[in-house]
Amino acid sequence: MQNSRPLANQTAIVTGASSGIGKACAIALGAAGANVVLDFVGDAAGAEEAAAQIRLAGRQAITVLCDVSQEDQVVAMFQKTVATFGTVDILINNAGLQKDSPFVDMTVAQWDLVLNVNLKGQFLCAREAIREFIRRGSRPDVSVALGKIICMSSVHEIIPWAGHANYAASKGGVDLLMKSIAQEHGHLKIRVNSIAPGAIKTPINHDAWATPTAEQNLLKLIPYKRIGVPEDIGKLAVFLCSDDSDYIHGETIFIDGGMALYPGFEDNG
Ligand code: NAD
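Being a predicted model, the structure only gives us computed values, none of them experimental.

A. Representation of the environment of isoleucine 130 in the model. With respect to the secondary-structure elements, isoleucine 130 resides in helix 4 (residues 108-136). Judged by its relative accessible area of 8%, isoleucine 130 is buried. Along the chain, isoleucine 130 and leucine 188 lie 58 residues apart, while their C-alpha atoms are 9.9 Å from each other. Those residues in contact with isoleucine 130, other than ones at most four positions away along the chain, are Ile149, Ile181, His185 and Ile190.

B. How the structure looks around helix 4. Taking 1.5 Å as the rise per residue, helix 4 with 29 residues should run 42 Å; its terminal C-alpha atoms sit 40 Å apart, in good agreement. At asparagine 116, helix 4 is bent by approximately 40 degrees, the largest bend along its length.

C. A look at the site of the ligand. Taken together, 28 residues surround the ligand, and among them Ser19, Ile21, Asn94, Tyr167 and Thr202 come closest. At 3.1 Å from an oxygen atom of the ligand is found a main-chain nitrogen or oxygen belonging to glycine 198. Notes on the ligand: free accessible area 820 Å², of which the protein chains cover 92%. Those elements that provide at least two residues to the shell around the ligand are helix 1 (20-31) and helix 5 (165-185). Class assignment for the residues of the shell around the ligand results in 14 nonpolar, eleven polar and three charged.

D. How the structure looks around the nonpolar core. Residues Leu7, Val14, Leu29, Leu38, Ile92 and Ile195 are the most contacted members of the largest nonpolar core, which totals 31 residues. If you list the elements that add at least two residues to this core, you get strand 1 (11-14), helix 1, strand 2 (35-40), helix 2 (44-56), strand 4 (90-93), strand 5 (147-152) and helix 8 (230-241). With six residues, the top contributor of residues to this core is helix 8. Judged by nonpolar contacts, the second largest core, of 30 residues, contains Ala95, Leu124, Ala129 and Cys151.

E. The arrangement of the packing of helix 1 against helix 8 in detail. Where helix 1 meets helix 8, the axes come as close as 8 Å, and the angle between the chain directions of the two elements is 50 degrees. As summarised for this structure, helix 1 and helix 8 are arranged oblique, according to the angle between their axes. Considering how the two elements wind past one another, helix 1 and helix 8 form a crossing that is right-handed. Contacts between helix 1 and helix 8 involve Gly20, Ile21, Ala24, Cys25, Ala28 and Leu29 on the former and, on the latter, Pro230, Glu231, Ile233, Gly234, Ala237, Val238 and Cys241. Among the residues forming the contact of helix 1 with helix 8, the class breakdown is ten nonpolar, two polar and one charged.

F. Highlighting the side chain of asparagine 35. Position of asparagine 35 among the secondary structure elements: in strand 2. Of the residues examined, asparagine 35 reaches a relative accessible area of 10% and is grouped as buried. In terms of polar contacts, asparagine 35 uses its side chain to reach the backbone amide nitrogen of glutamine 60, at 2.9 Å. When residues no more than four places from it in sequence are discounted, the contact partners of asparagine 35 are Gln10, Thr11, Ala12, Arg59, Gln60 and Phe85.

G. Spatial organisation of the sheet that holds strand 4. Taken together, seven strands build an open sheet; the order of strands is 3-2-1-4-5-6-7 and the sheet is parallel. For this open sheet the edge positions go to strand 3 (61-65) and strand 7 (252-255), each flanked by a neighbour on one side alone. This sheet shows a mean twist of 20 degrees between the axes of neighbouring strands, independent of strand direction. Alignment of strand 6 (residues 190-197) against strand 7, held across four bridges, turns out to be parallel. In the sheet register, serine 194 faces strand 7, and the bridge partner there is threonine 252. On the sheet, helix 8 packs against strand 4, strand 5, strand 6 and strand 7 and is oriented at approximately 165 degrees with respect to strand 6.

H. Inspection of the pattern of salt bridges at higher detail. Tallied over the entire structure, the rule returns twelve salt bridges. Arginine 135 serves as the salt-bridge partner of glutamate 132, at 2.7 Å between the closest nitrogen and oxygen. Of this pair, glutamate 132 and arginine 135 are both found in helix 4, three residues apart, which corresponds to roughly one turn of the helix. For glutamate 132, a relative accessible area of 7% translates into the label buried. For arginine 135, a relative accessible area of 53% gives the class exposed. With its nearest N and O atoms 3.7 Å apart, the salt bridge here joins aspartate 246 to arginine 191. Here arginine 191 lies in strand 6 and aspartate 246 lies in the loop between helix 8 and strand 7, a separation of 55 residues in the sequence. According to the relative accessible area criterion, aspartate 246 is partly exposed, its value standing at 26%. Given the relative accessible area of 4%, arginine 191 is considered buried. Three or more residues joined by partner-sharing salt bridges are found here, namely Glu71, Arg127, Glu128 and Arg131.

Rules behind the numbers
- Residues numbered from 1 in each chain as written.
- Predicted model: local features only at pLDDT ≥ 70, side-chain atom pairs only at ≥ 80, totals over all residues.
- Heavy atoms only, no water.
- Helix = DSSP H or I, 4+ residues; strand = E, 2+ residues; numbered from the N terminus.
- Buried < 20%, exposed > 50% of the residue type's maximum accessible area, 1.4 Å probe, protein only.
- Contact = heavy atoms within 4.5 Å.
- Expected span 1.5 Å × (residues − 1).
- Bend = angle between axes of the 7 residues up to and from the residue.
- Near = heavy atom within 4 Å.
- Polar contact = N/O pair within 3.5 Å; in protein donor to acceptor, adjacent residues only side chain to side chain.
- Areas by Shrake-Rupley, 256 points an atom, 1.4 Å probe, with all protein chains shown as cover.
- Nonpolar A, V, L, I, M, F, W, Y, C, P; charged D, E, K, R; others polar.
- Core = buried A, V, L, I, M, F, W, Y, C linked by side-chain atoms within 4.5 Å.
- Axes fitted to C-alpha atoms, helices over the stretch in contact; angles between N-to-C directions.
- Parallel < 35°, antiparallel > 145°, perpendicular 65-115°, else oblique.
- Left-handed = near helix turned anticlockwise from the far one by under 90°.
- Pairing = 2+ DSSP bridges.
- Salt bridge = Lys/Arg side-chain N within 4 Å of Asp/Glu carboxyl O.

So, in structure tokens, the structure goes:
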């Protein structure tokens, strides 16, 4: 019989957990038995709402204000997590944003903001997580792995994206950051993987699906003809954090309804 609480007695930090994919991952991890630390920057109410749902499901949850691009705030978030729950078992490196611009008009501020949150933020959080996994040592009664990290990437780690060079560069960076961390720490039984979503209905891409015309245009890029929902990602995150996926390491799992399948060729080119 399948274990309905595969993450029992584990603690997860989810960054950018006040909306969209992060919020759904936090709720899904809580339902799978984990205690959850919900990081947010702007929207405390969204994080609190998800935390309340997790508590209703019988697990513990706290919200923490932390800008993942700031080293001191990331260190403080991990310290608070360890002080509250004893350790960290899972990191969902999810926080991210877009600052779109034609390339020739892109400002250094737009470039830096996206790279600082999407790439440096993942470095800072992963580093603190690995330091804590090593400090705490193995807990074979809880998980085969010493710890698990999921990096939220995007189909744009492989699909170039005109008008979004900063975002695509950040996600391309996440790919080799994830793989390098996985290669370096696999021998410690620290498992590191990426999730690469296609189009998921969240605030980050609201304009791309909010009107029927926009939705129809977006569906042209999706062979499976459905726009994803955050819960699709939550289910995958639970699997990738559980021992059921123990031999998956250093991989990017695309979850995109086929968006990466060159959809321009679906009608015979
Ligand atoms: P979203 O805007 O709902 O979520 C992003 C979250 O990150 C927000 O809660 C935001 O407050 C938080 N955040 C932004 N800057 C932060 C910072 N400095 N520190 C901490 N948190 C910060 O959008 P989403 O779609 O849920 O995005 C989540 C992740 O999924 C992002 O990394 C995004 O690039 C990725 N992604 C989304 C899609 C999609 O179609 N929605 C596709 C591919 C990848």
